[in-house]
Each structure stands twice: as C-alpha cells, then as structure tokens.
Amino acid sequence: PDWFFDNARRYDTYDRKGPKVFAGEYASHHYPSKKANNFLAALSEAAFMTGLERNADVVRLATYAPLFAHVDAWQWNPDLIWFDNLRCLKTVNYYVQQLYSRYKGTEVLKTMTQDGQPLAGQDGLYASAVKDSKANTLIIKVVNRNSLPSDLSVQLDAYKQAVADVTCLCLQSDDLMAVNTFDRPDRLQPTETAMELVGGHFEWTVLPQSFTILVIRLGDQKASAKGKQP
C-alpha cells in the first residue's frame, strides 16, 4: 500500500511526447495480512488511480489483475473477484474499480492545492476531477488516508447547482484490515447520499480513511480543490 500512496504522482512529469502508457496488471499487496483484499490495499489503489485519471492524456489504459479466483484453486493473491461453485464475492478492491468506471467522465480537469500542485498526498489527501459532458456533471474524487476527517475548500466558477450526489467507500470501524467474506459479503461497499451546496465556494468535510466521489450537476465550469490541514 505504501508504494501506491507514494506513487500517486508517478505520471505527473511523464513525457507528453513519448509513447502512451498501459498501466497493466497492478494490485496492492498487503504482506502482513497475506496479501488479502483488505480496505487499506483498496484505499491505496484508489489514491494511486487519482494519478492515473489526472494523467489520462498519457495513461490511456489501466487494469487490475488478477481478475477472478476460485477459493479452492487460485495461484495469486489478491484477486478482484472470488468465487466458489455457488457464490461470487466482490472485494472492496472491486468496488474501487467499479466506481472509477462509473464516474470516469469525458474531460480531465485540474485539481489544485494552495501551492499550485496536484492534491497527491499532501496532508494525506489525494484528488482528481473530471467533467462528464454527456451527463453535464462535474465529478470530484477524493481519498483521505487520515484517521481523522479532513476539510476541503472547493471553488467552482459559474456555479449553478445546489445539490450534489455523494458516494463513499469508507470504514464503519477503525479496522484497515477489514475484508469482505462469503459470510459478510456486504461489509465493505459504497454508500450513497445527497449533499446540499451553498454558493460556488463551499467547505466539504471528507470522512477519515475513505474514498469519496462528489457528483455535481452543472453547466460548463472549472473546479479547484484546496487541501487543509486535517
């Protein structure tokens, strides 16, 4: 997980005139827990993927691997989806991939901090922003690896919308080693709520140890997210 957290800016300085990137077959291995598909591993992948999305002009493809594994006949661990002869288990890593695919947008927007740099680990926060021209929405993804809530100051130009949809993949406890199991398949999965916004500049408190997606329905505009000390 530390490698994924530390490499969220891996492609920020990539040669824009060079070949495009296929970030193929990655997975966060948490060795103390026997490479299990735990929440910490998934959270680190979500943080790393903010960098993939932010640099989508060069990172054209990305894939988690391995994809499937039978509980009694596997060769690699972790895996995205586990199954036996009767059941299928979606890991928390699966939900990270699912959320990125559902909210991928059509255009990448700049997400800046107060020092003019991408939000990629400062104060334990990671972020990317995209616009979906087809759905006419602005999508902000934020990972908070801190054990405490963190405040973000979000600024939008030509603000038009008063409501946002919030999807959060977060812990219900402090157990970063938590996993989904066949006995508890829904222990870790996204939750959806609505949030009322006031004005084009608003404060947003991001839950601790979470991957959160804010979807704002609006017209053509830009956005910036500035990190604060948690």
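Here, the structure is the one placed above.
Counting restarts for each chain: residues are numbered from 1 in the order of the written sequence. A pLDDT threshold of at least 70 governs which residues receive local features in this predicted model, and a stricter bar of 80 or more applies before side-chain atom pairs are shown or counted, although totals over entire chains, interfaces and linings include all residues. Each side-chain value is derived from all of the structure's non-hydrogen atoms; neither hydrogens nor water enter the calculation.

Peer 1: Talk me through the pairing of strand S8 (residues 137–144); I want residue IDs and the actual numbers.
Peer 2: The buried fraction of S8 amounts to 8 of the 8 residues, a majority that puts the element mostly inside the structure. The side-chain alternation of S8 yields two buried faces, one formed by Thr 137, Ile 139, Lys 141 and Val 143 and the other by Leu 138, Ile 140, Val 142 and Asn 144. The rule for pairing is simple: two strands pair if DSSP sees at least two bridges between them. Secondary structure counts use DSSP, requiring at least four H or I residues in a row for a helix and at least two E residues in a row for a strand, with both numbered from the N terminus. Judged from the 8 bridges that link them, strand S7 (residues 125–132) and S8 form a sheet pairing that is antiparallel. Within the sheet, the bridge partner assigned to Ser 128 lies in S8 and is Lys 141. Between the antiparallel neighbours S7 and S8 lie 4 residues, among them Asn 136 with a positive phi of about 60°. When S8 meets strand S13 (residues 210–217), the two strands line up antiparallel, connected through 8 bridges. Looking at the pairing, Leu 138 lines up with Ile 216 of S13. Only protein chains enter the calculation, and the probe is 1.4 Å; a residue is then buried if its accessible area is under 20% of its type maximum, exposed if over 50%, and partly exposed in between.

Peer 1: Kindly report on the layout of surface pockets, identifying the contributing residues and their values.
Peer 2: Considering only enclosed or pocket space, the largest pocket measures out at about 470 Å³ in volume. Lining residues are defined by having an atom within 4 Å of a point belonging to a cavity or pocket. Those points lie on a 1 Å grid over the protein atoms alone, cavities being sets where a 1.4 Å probe fits but cannot get out and pockets being open sets with protein on both sides within 12 Å along at least five of seven lines. As for the largest pocket, its lining consists of 18 residues, and the residues nearest its centre are Met 49, Glu 53, Ala 62, Tyr 100 and Lys 104. In terms of residue count, strand S2 (residues 59–64) provides more of the lining of the largest pocket than any other element does, 4 residues in total. Grid points are joined across faces, edges and corners, and a volume is the space filled by probe spheres set on the points.

Peer 1: How would you explain the packing of aromatic side chains if you had to name every residue and give the values?
Peer 2: What counts as a ring pair is set by centres within 6.5 Å for rings of Phe, Tyr and Trp (its six-membered ring), and what kind of pair is set by the plane angle: stacked under 30 degrees, edge-to-face over 60, tilted for all other angles. Inspection of every chain in the model, using the stated rule, returns 11 aromatic pairs. A ring pair is formed by Phe 5 and Tyr 126, whose centres lie 5.8 Å apart and whose planes are at 35°; its orientation type is tilted. Taken together, the residues Phe 5 in helix H1 (residues 2–6) and Tyr 126 in strand S7 connect sequence positions 121 residues apart. Pair check on accessibility: Phe 5 and Tyr 126 agree, each one buried. Measuring from centroid to centroid gives 6.1 Å for Tyr 11 and Tyr 14, while their planes differ by 65°, and the two rings are edge-to-face. Classification of Tyr 11 by relative accessible area gives buried; the value is 13%. Here the guanidinium or amino end of Arg 145 rests over the ring plane of Phe 5, the centre of that ring lying 3.8 Å away. We call a charge positioned above a ring when the Lys NZ or Arg CZ atom is no farther than 6 Å from the ring centre and deviates by at most 35 degrees from the ring normal.

Peer 1: Run through empty space enclosed by the protein, naming residues and quoting values.
Peer 2: Inspection of the entire model under this criterion finds 1 cavity of 30 Å³ or more. Estimates place the volume of the largest cavity at around 30 Å³. The nonpolar class holds Ala, Val, Leu, Ile, Met, Phe, Trp, Tyr, Cys and Pro. Asp, Glu, Lys and Arg form the charged class, and all remaining residues, Gly among them, are polar. Of the residues assigned to the lining of the largest cavity, the class counts are 7 nonpolar, no polar and no charged.

Peer 1: Please provide a residue-by-residue account of helix H2 (residues 39–54), values included.
Peer 2: Compared with the 22 Å implied by 1.5 Å per residue over 16 residues, the 23 Å span of H2 between its first and last C-alpha is a close match. Burial analysis of H2 places 16 of its 16 residues in the buried class, which makes it a mostly covered element. The definition of a polar contact used here is a pair of N or O atoms within 3.5 Å, where within protein one atom must be able to donate a hydrogen and the other to accept one, and adjacent residues in sequence count solely through side-chain atom pairs. The N-terminus of H2 is capped by Asn 38, whose side-chain oxygen sits 3.3 Å from the backbone nitrogen of Leu 40. What a helix should span is 1.5 Å times the count of its residues minus one.

Peer 1: Kindly report on the environment of Val 179, identifying the contributing residues and their values.
Peer 2: Among the secondary structure elements, Val 179 is positioned in the loop between strand S10 (163–170) and strand S11 (191–196). A relative accessible area of 24% places Val 179 in the partly exposed class. Taking the C-alpha atoms as reference, Val 179 lies 7.0 Å from Val 92; in sequence the two are 87 residues apart. When neighbours within four sequence positions are excluded, Val 179 is seen to be in contact with Ala 36, Asn 37, Asn 38, Arg 187 and Leu 188. We call two residues contacting when some pair of their heavy atoms lies within 4.5 Å.

Peer 1: Explain the environment of Ala 42 to me, using residue names and the numbers behind them.
Peer 2: Tracing the backbone shows Ala 42 in helix H2. For the pair formed by Ala 42 and Tyr 95, sequence separation is 53 residues and the distance between their alpha carbons is 8.6 Å. The contacts of Ala 42, once residues within four sequence positions are left out, are Val 92, Asn 93 and Val 96.

Peer 1: Tell me what's going on with the pairing of strand S1 (residues 21–26), and back it up with residues and numbers.
Peer 2: Two strands pair when backbone bridges link them, and S1 and S2 are joined in this way by 4 bridges, in the parallel orientation. Each residue of the ladder has a partner; that of Val 21, found in S2, is Val 59. Clockwise travel from the first strand over the helix to the second, with the strands pointing away from the viewer, marks a crossover as right-handed. For the handedness criterion, the β-α-β arrangement of S1, H2 and S2 is classed as right-handed.

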